[in-house]
Amino acid sequence: MALTGELFVASKRVSRDGPGFKAVAAATGTEIEPSFSIATTEDVETAAAAAEAAFPIYSGLPREDRAKFLEAIADEIEALGDELVERAMQESGLPQARLTGERGRTAGQLRLFAKELRLGEYLRARIDHAIPDRAPAPKPDLRLRHVPLGPVTVFGASNFPLAFSVAGGDTASALAAGCPVIVKGHSAHPGTSELVAGAITRAAEKTGMPAGVFSLINGAGNTVGQALVTDPRIKAVGFTGSRGGGTALMKLAQNRPIPIPVYAEMSSINPVFLLPGALAARAEALGKGYIASLTMGAGQFCTNPGLVLALEGPDLDTFVTSASDAMCGAPSQVMLTPGIHKAYESGVARWASAPALKLVAKGQEASGPTSGRGALFTMTGADFIADPSHAEEVFGAASLLVRCADIAELQKVVTLLEGQLTATLHLAESDTELARQLLPSLERLAGRILANGWPTGVEVTDAQVHGGPFPSTSDGRSTSVGTLAIDRFLRPVAYQDLPEALLPAELREDSSVPRRIDGKPTL
Ligand SMILES: NC(=O)C1=CN([C@@H]2O[C@H](COP(=O)(O)OP(=O)(O)OC[C@H]3O[C@@H](n4cnc5c(N)ncnc54)[C@H](O)[C@@H]3O)[C@@H](O)[C@H]2O)C=CC1
Ligand SMILES: O=C(O)CCC(=O)C(=O)O
C-alpha cells in the first residue's frame, strides 16, 4: 500500500498543499519519502465538529457493536502484514522482533477491550431499589452507571510507534469507553501512523461507525496539539512523552474556560532495590539482568531501571563488577530520533560532569550518528541526599546506582524520590522484614511494585497498573495499560426514579451485566 502523506479528517483522506514534513530514518538521520501534509486550523475544526457529531451516535451504540469495531481494527492492523513493521523499523530504528511483538500487543489490547465491553463490568452499574414506605421519608429508586466523557485527543508516543500510538492503549480504551478519538500523530513515525489510521478507517467503514469516530491529524511543532487540547469539544487527553510536553498540556487544559483531564505519562526512573539477602545470593546474575533490562530498546522505555539502590558491601561490589562487564559488552543501539539521541547524550554528559557521580562503565562505541551508548554511574547515598536532582530521568540506556551506608540512609533516599511508574524489590527470604518496612513507602511512591523481576515490559491484563504519582503521570489515580484504563474516559451518572422505559439497558431489571443490587454484588 503506497503511502500518500494524507491526513485522516473524520475518516476521510485529506491532502494539504504547502510545506509538509518527511519522516527521518532513525539510523541515518536522512529524510524518507513521501512528504506528509500538515493539518490546517480548518482540519482541526472539521475533525472536532465531526467527533462531536459522532459522539451521541457512537456512545449510544450497543456495546457489542463497539466491540466488533475494536476487533475489526485489530484484524485490519494484522492484515497490513510486513509493510507496517518494515516502515516502523525504518522510522523508529527499533528491531523487527520488537515491532512484531508490539503489533501483537496492539491487536491484543484492542481485543481485550472488546471483551471488556461484552462483560459490561466496567460500567460499575448499581441499583438501590426504592423503599416507598421508609420512615421518616421514602427512599427513592437510584441507579448508577458510567458514561463516556466525549471526544478524546490522543498524542501518539515516539517510543512505542504501535502500542502507544495511533491505535495504541489510549485510543483503544477511549474508543471502548464510547469516545470518538482524534489522534495527534507523532512526527517521528508518520508513515506508520498513516498505515494504522487507514486500518482504523477501514474497520470503521466495515462495521458502520459514524465518520467522526476517528481522525489522524499531523502538525509540525505544537500548534495542532494545542488547538486540539483547547478545543471546547474535546473532553479528555491521553499523552505519552516528555515531562515538559505533558505539563504544558496539563496547563493548557486547566486554563480552558471548562478544564478537562489530561492523562499524561511522562518521566519515571523506576527505582530498583537490591536487598542484602538477594545480593548475597545472586549478585552476579542480578548485575547481568539489570543491564539487559536497562539496554533493552536502547533504554527508551519509561519503565527502564534508571536508579538502583543498595547497601554498601562486598556483595554490592560483585554486582557492580558484573553489571559493568555486561555494560561494556552491550552494543550501541539506534535511538528513535536525532532529537532524542541528542537529549540522551546531553543527559549523560550532565551526569559525567557532576562531581558526585562516578562513571563506572560505558557500552560499546556508537556505531552510527544516532546510536546511543549505554552508561552506568554510581554515587553515595549521602551525596544523593545532599542533591536529589541527579534523579532526573535521562531517557535512554543510562542508569545511576546509589550506594547507601545503611538502611536509614536508603530509607531517606526513598523519601526524596518523585512519583514513579514502578518500584522493584530484589529479595531473598531473609529480606522479608526489610521489604515489609519498605512497602508502605513504595505504595506511596509508585503505581506498580515488583518482586524479583525487572520493570520493562508491561503485561496487558485486568490487574495491571501503568501509572503512578506525578511526574510519572499527571494523575496517579489511573492506568494507561490494562482494562482499568477505560475508567479515565468515563464518569458516573445516577438516575433517580426514572421510569423503566427511560433507563439505559444495563440498569433495567432484566439486564445481565454484573451489578451491585441493594448492596449485594451479582458478579
Ligand atoms: N517517559 C516516557 O515514556 C517518554 C519520555 N520521552 C521524553 O521526551 C523526549 C522527547 O520525545 P518526544 O517523544 O518527542 O516527546 P515530546 O513530549 O516532546 O512530544 C510528544 C508529543 O507531544 C507534542 N507536544 C510536546 N510538547 C507540546 C506542547 N507544549 N504543546 C503541544 N504539543 C506538544 C509533540 O508535538 C508530540 O506530538 C525524550 O527525549 C524523552 O526525554 C519520550 C517518550 C516517552
Ligand atoms: O515497558 C512497557 O512495555 C511500556 C513502557 C512504556 O509505557 C513507555 O515506555 O512509554
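On a predicted model such as this, the values are computed, not experimentally measured, just so you know.

**Student:** So what about the packing of helix 3 (residues 82–92) against helix 6 (residues 190–206)? Which residues, and what values?
**Tutor:** A pair of packed helices is captured by two measures, namely the crossing angle of their axes and the spacing between those axes. Axis separation between helix 3 and helix 6 bottoms out at 8 Å; the angle between their running directions is 155 degrees. Classified by the angle between their axes, helix 3 and helix 6 sit roughly antiparallel to one another. The two elements helix 3 and helix 6 meet at a crossing, and its hand is left-handed. On helix 6, the residues touching Glu-83, Leu-84, Arg-87, Ala-88 and Glu-91 of helix 3 are Pro-190, Gly-191, Thr-192, Leu-195 and Val-196. Each residue belonging to the contact of helix 3 with helix 6 can be placed in one class, and the counts come to five nonpolar, two polar and three charged.

**Student:** Hey, could you go over the sheet that holds strand 21 (residues 490–496) for me, with residue numbers and the actual values?
**Tutor:** Across the sheet, which stays open at both edges, the five strands sit in the order 21-6-5-22-23 with mixed pairing between neighbours. Each having just a single partner strand, strand 21 and strand 23 (520–521) make up the two edges of the open sheet. Looking at chain direction, strand 5 (residues 125–128) and strand 22 (residues 515–517) are connected through three bridges and run parallel. Bridge pairing links Ala-125 to Arg-515 in strand 22.

**Student:** Let's hear about the environment of Phe-214: which residues, and what values?
**Tutor:** As for its placement among the helices and strands, Phe-214 is situated in strand 9 (residues 214–217). When its relative accessible area of 0% is taken as the criterion, Phe-214 is described as buried. Sequence separation between Phe-214 and Val-9 is 205 residues, and the spatial gap between their C-alpha atoms is 7.7 Å. For Phe-214, the contacting residues outside a window of four places in its chain are Phe-8, Ala-10, Ser-11, Val-166, Val-181, Val-183, Ala-197, Ile-200 and Thr-201.

Procedures and definitions
- Residue positions are given per chain, counted from 1 along the sequence in the order it is written.
- Ligands are numbered from 1 and chains lettered from A, in the order in which they are written.
- Since the coordinates come from a predicted model, pLDDT governs what is reported: local features require at least 70, and pairs of side-chain atoms require 80 or more to be given and counted, while whole-chain, interface and lining totals use all residues.
- Side-chain numbers here rest on the full set of heavy atoms in the structure, without hydrogens or water.
- In this analysis, axes come from line fits to C-alpha atoms, helices being fitted only over the stretch in contact, and the angle between any two N-to-C directions falls in the range 0 to 180 degrees.
- Secondary structure is summarised from DSSP: a helix means a run of H or I of at least four residues, a strand means a run of E of at least two, and numbering begins at the N terminus for each.
- In this scheme, roughly parallel covers angles under 35 degrees and roughly antiparallel covers those over 145, while 65 to 115 is roughly perpendicular and the rest are oblique.
- Helix crossings get a hand from a simple test, with the near helix turned counterclockwise from the far one by less than a right angle marking a left-handed crossing and a clockwise turn marking a right-handed one.
- By the convention used here, residues are in contact when the closest approach between their heavy atoms is within 4.5 Å.
- Following the grouping adopted for this structure description, the nonpolar residues are Ala, Val, Leu, Ile, Met, Phe, Trp, Tyr, Cys and Pro, the charged ones are Asp, Glu, Lys and Arg, and the polar ones are all others, Gly among them.
- Think of it this way: DSSP has to see at least two bridges between two strands before they count as a pair.
- Buried means the residue's accessible area, taken with a 1.4 Å probe over protein chains only, is under 20% of the maximum for its type, while exposed means over 50%, and partly exposed covers the values in between.

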